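Single-letter residue listing:
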Amino acid sequence: MLQIDGKNYEPGELPTIVFGQVKPLAYVLNPKSACTLALNFVFYVNHGYRYFDPIQIHYSRTALFQIKSPEFDPRAIFVFRGLKPKSFSIVRDPLQRFVSGFLSKVFSDDDLVYRPYRDTLTSLHGIDLSPEADPARSCLAFARWLAGQADSSKIDVHFRPQVLNLQLGHRFTIDTILRLEDRAGLVAFFSQWIGVEKAEWFLSLRFNEHVKQKKDGIVTDELQQLVRRIYARDYELFYDDAKKIAS
């Protein structure tokens, strides 16, 4: 059990929380929603310079602290309690997030970590990921498979509904949730930590954009309907009503 601000948390009740050792700023991890940008931003806020390899920051054990279930790092908890940081996260249009995740983690072989996942999908679930595959058909097949999963909490974090990644509705409160599409909102928030000029510069940088396959022609009416069903709660909280973003 972990206690933060007088609240007790069992393993699995907290989202993944990432922060540095100096500034009272914490990022709640939400993969495929500018997470690489956010991690590098937290590092920059704490150090005043950029991490040397933006992608590898995901795998570093020293660049940032992390509170993640089921095992809690005692040193990270000690630093977190001392900082009492304000937390933020970034959400993304569910359709754009889904297609981006499919192209980078499923259809592409660039991420070696996802080879076992791709193997399972193509060998056991009939999803064509061959070099000759039609990306639109494969994406639709993957969406159909995903829609059939009984327990959304067990879906891979890159495709899991964002409300589950952020553990919204539970006791932990995220102070600020930003939309990736709202550049003005991102600039305003980043400016609080590094000033307007540096915020504009930082947001102009490109992180994790190496997907070989383009998104053109992948989205069909059926895909949109499936995504709307899989991520219904995400749409409701973040995108169906611009004034109703969860906090």
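Our structure's up above, just so we're on the same page.
Remember, it's a predicted structure, so these values are computed and weren't measured experimentally.

**Structural notes on the overall build of the protein chain**
Scanning the protein chain from N- to C-terminus turns up ten helices and seven strands. For a compact globule of 247 residues, the expected C-alpha radius of gyration is about 18 Å, and the protein chain comes in at 18 Å, within 12% of that figure. Referenced to the eigenvectors of the C-alpha coordinate spread, the extents of the protein chain come out at roughly 50 × 40 × 35 Å. Going through the 247 residues of the protein chain one by one, you find that 49% of them count as buried. In the protein chain, once contacts between residues fewer than 6 apart in sequence are set aside, the share between residues at least 24 apart is 69%.

**Brief notes about the side chain of Asp234**
With respect to the helices, strands and loops of the structure, Asp234 is situated in helix α10 (residues 232-239). The residues contacting Asp234, other than those within four sequence positions of it, are Pro94, Pro161, Gln162, Val163 and Tyr239.

**Describing helix α8 (residues 196-204)**
Where α8 is concerned, the buried positions are Ala199, Phe202 and Leu203. Each buried residue of α8 lies within a common arc of 95 degrees when the element is viewed along its axis, so the set occupies one face. Packing partners of the buried residues in α8 comprise α1 (35-47) and α7 (183-194).

**Details of the sheet that holds strand β7 (residues 176-179)**
Across the sheet, five strands lie side by side as β5-β3-β4-β6-β7; this open sheet has mixed pairing. Two strands in the sheet have a free side with no partner beyond their single neighbour: β5 (65-67) and β7. Along the sheet, successive strands turn relative to each other by an average axial angle of 30 degrees, direction set aside. Both strand β3 (residues 17-19) and β5 contribute to a ladder of three bridges, which runs antiparallel. When the sheet's bridge partners are listed, Ile17 is paired in β5 with Ile67. Sitting on the sheet, α1 touches β3, β4 (25-28) and β6 (86-91), and the angle it makes with β4 is about 165 degrees.

Each value, and the rule that gives it
- Residues numbered from 1 in each chain as written.
- Predicted model: local features only at pLDDT ≥ 70, side-chain atom pairs only at ≥ 80, totals over all residues.
- Heavy atoms only, no water.
- Helix = DSSP H or I, 4+ residues; strand = E, 2+ residues; numbered from the N terminus.
- Rg over C-alpha atoms; globule rule 2.2 N^0.38 Å.
- Buried < 20%, exposed > 50% of the residue type's maximum accessible area, 1.4 Å probe, protein only.
- Contact = heavy atoms within 4.5 Å.
- Arc of directions from axis to C-beta.
- Pairing = 2+ DSSP bridges.
- Axes fitted to C-alpha atoms, helices over the stretch in contact; angles between N-to-C directions.

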